[in-house]
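A closer look at the structure
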Amino acid sequence: VPDEDSRTASLEADTVQVVSSLRGSTIKDLLALVETGNFGGNAWSGNTSGASIFNTLVPPVDDVRIRRAMAYAGDSEAVAVVLGDDGLVPYTTTFFSEYSPWFSEAASAAYPGAAGRDVEAGIALVEEYRMDPNRSDGRAPGDPIEVTYNCPPDPSLIEVSQLVQQLWGDIGIVVHLETVEQATHIANAVGSGEQ
C-alpha cells in the first residue's frame, strides 16, 4: 500500500495487520492508534536520514563557500516539522546517530551551522562569492546566484524542497525547483564519471 494515509486506514479497518513507515506524520498517526489500546506498535529512530546532495562538479556549488552558506542557512528543526518528525527524532548534523559505530563527534561539531541556523554567516559567504570576479559560474560580479533543486514527486518532499527554497533564499540564493521521478532522481545522484 504505497499511500501513507491508506496504509494507516487499512490497519485501522483491519484489512492489513502490520504496517511500517518512515514518515514522521504517519508514525504519529500509528502511535495514536496504539494509544487507543487496540493496537501494538514499536517506534525506533535508527540511522535513516535525508539529505540534500550537491553536484560539486557544477557551479556554483563547486565552490565551498556556497556549500557552507547553504549549510549555515539550513534549519533541520523546520524540516522535521514539515516531515512530521518533530518530537520523534533528535537533531543531528551527520548521517549517523550518536549510537552508530560510524558517528564522529568531531565531524558533527565541525558541520557549518552545528550550533544552529546562522543566516548572517550564510549571507557573508554568498556575498563573497557573488562579488568575486573569478566566481566559478562565469557570471559577472554582483549577478544573482542560482541553483536548481531536484526532488521526487512525493508531497512531503515537495514541501521540504519549498522550505529549502525559502531558507536558501534568505541568504540570497535563487532556487529553481524541479520535480523528477524517483528513478531519474537516483540516476542524477549516482551520476557518471563526467557528471
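What comes next concerns the included structure.

Cut-offs used in this document
Residues take numbers from 1 onward in each chain, read along the sequence in its written order. Restriction of local features to residues with pLDDT of at least 70 applies here, the model being predicted, together with a cutoff of 80 or more for giving and counting side-chain atom pairs; totals for whole chains, interfaces and linings are based on all residues. Values reported for side chains reflect all heavy atoms of the structure, with hydrogen atoms and water molecules removed beforehand. Note on definitions: angles span 0 to 180 degrees between N-to-C directions of axes, and those axes are lines fitted to C-alpha atoms, for helices only across the stretch in contact. Numbered from the N terminus, helices here are DSSP runs of H or I no shorter than four residues, and strands are runs of E no shorter than two. For this classification, under 35 degrees means roughly parallel, over 145 means roughly antiparallel, 65 to 115 means roughly perpendicular, and everything else is oblique. Here is the rule for handedness: rotate from the far helix to the near one, and if that takes an anticlockwise turn smaller than a right angle the crossing is left-handed, while a clockwise turn gives right-handed. By the convention used here, residues are in contact when the closest approach between their heavy atoms is within 4.5 Å. Under the convention adopted here, Pro, Cys and the residues Ala, Val, Leu, Ile, Met, Phe, Trp and Tyr are nonpolar, Asp, Glu, Lys and Arg are charged, and Gly plus all remaining residues are polar. Exposed residues in this analysis have more than 50% of their type's maximum accessible area, buried residues have under 20%, and partly exposed residues fall in between, with area computed by a 1.4 Å probe over protein chains only. Paired strands, in this sense, are two strands between which DSSP finds at least two bridges. Both site types are read off a 1 Å grid over the protein atoms alone. A 1.4 Å probe that fits but cannot get out defines a cavity, while an open set with protein on both sides within 12 Å along at least five of seven lines defines a pocket; lining residues have an atom within 4 Å of a point. Grid points are joined across faces, edges and corners, and a volume is the space filled by probe spheres set on the points. Between N or O atoms, a polar contact is any pair within 3.5 Å; within protein, one atom must be a potential hydrogen donor and the other a potential acceptor, and residues adjacent in sequence are included only when both atoms are from side chains. The criterion for an aromatic pair is that two Phe, Tyr or Trp rings (for Trp, the six-membered ring) have centres within 6.5 Å, with stacked assigned to planes under 30 degrees apart, edge-to-face to planes over 60 apart and tilted to the rest. Expected helix span is computed as 1.5 Å times (number of residues minus one). It is the directions from the helix axis to the C-beta atoms that the arc portrays.

This next bit is on the packing of helix α4 (residues 76-83) against helix α7 (residues 155-169). With their axes 9 Å apart at the nearest point, α4 and α7 run at an angle of 150° to one another. Judged on the interaxial angle alone, α7 and α4 are roughly antiparallel. In this structure, α4 meets α7 at a crossing whose hand is right-handed. Residue-level inspection shows A78, V79, V82 and L83 of α4 in contact with α7, the latter providing S156, L157, E159, V160 and L163. Counted by class, the contact of α4 with α7 contains seven nonpolar, one polar and one charged residues.

Across a regular strand the side chains alternate sides, sitting on one face of the sheet and then on the other. Residues I145, V147, Y149 and C151 point to one face of strand β1 (residues 145-151) and are all buried, whereas E146, T148 and N150, pointing to the other face, are not buried. In the sheet, β1 pairs with strand β2 (residues 173-179) via seven bridges, with the strands oriented parallel. Bridge pairing in β2 places C151 opposite T179.

By volume, the second largest pocket amounts to about 260 Å³. Within the residue set of the lining of the second largest pocket, elements represented by two or more residues are α1 (4-12), α2 (24-35), α4 and α7. With three residues, the top contributor of residues to the lining of the second largest pocket is α7. In terms of residue class, the lining of the second largest pocket is made up of four nonpolar, three polar and six charged.

Before going further, it helps to examine unusual backbone geometry. Along the chain, P59 connects to P60 via a cis peptide bond; the corresponding omega equals 0°. Along the chain, P60 turns up in the loop between α2 and α3 (64-73). Even without a glycine there, the phi angle at D14 is positive, about 65°. Structurally, D14 is set in the loop between α1 and α2.

This brings us to α3. The element α3 is extensively covered by neighbouring structure, given that seven of its 10 residues are classed as buried. For α3, the complete set of buried residues consists of R65, I66, A69, M70, A71, Y72 and A73. Turning to α3, the residues buried within the fold contact α6 (119-130), β1, α7 and β2. Near the N-terminus of α3, the side chain that reaches the backbone nitrogen of R65, with its oxygen 2.8 Å away, is that of D63.

Tallied over the entire structure, the rule returns three aromatic pairs. Taken together, a centroid distance of 6.1 Å and an interplanar angle of 45° make the contact between F54 and W168 tilted. Residue F54 is found in the loop between α2 and α3, and its partner W168 is found in helix α7; the two are separated by 114 residues along the sequence. We classify W168 as buried; its relative accessible area is 7%. Measuring from ring centre to ring centre gives 6.0 Å for F96 and W102, while their planes differ by 40°; the resulting arrangement is tilted. On the basis of relative accessible area, W102 is assigned to the exposed category, the value being 61%.

A few words on α2. Helix length check: α2, at 12 residues, gives a terminal C-alpha distance of 16 Å against a target of 16 Å (1.5 Å per residue), a fit within 8%. Taken together, the buried positions of α2 are occupied by G24, T26, L30 and L33. Each buried residue of α2 lies within a common arc of 165° when the element is viewed along its axis, so the set occupies one face. Two residues or fewer after α2 comes G37, characterised by a positive phi angle close to 90°.

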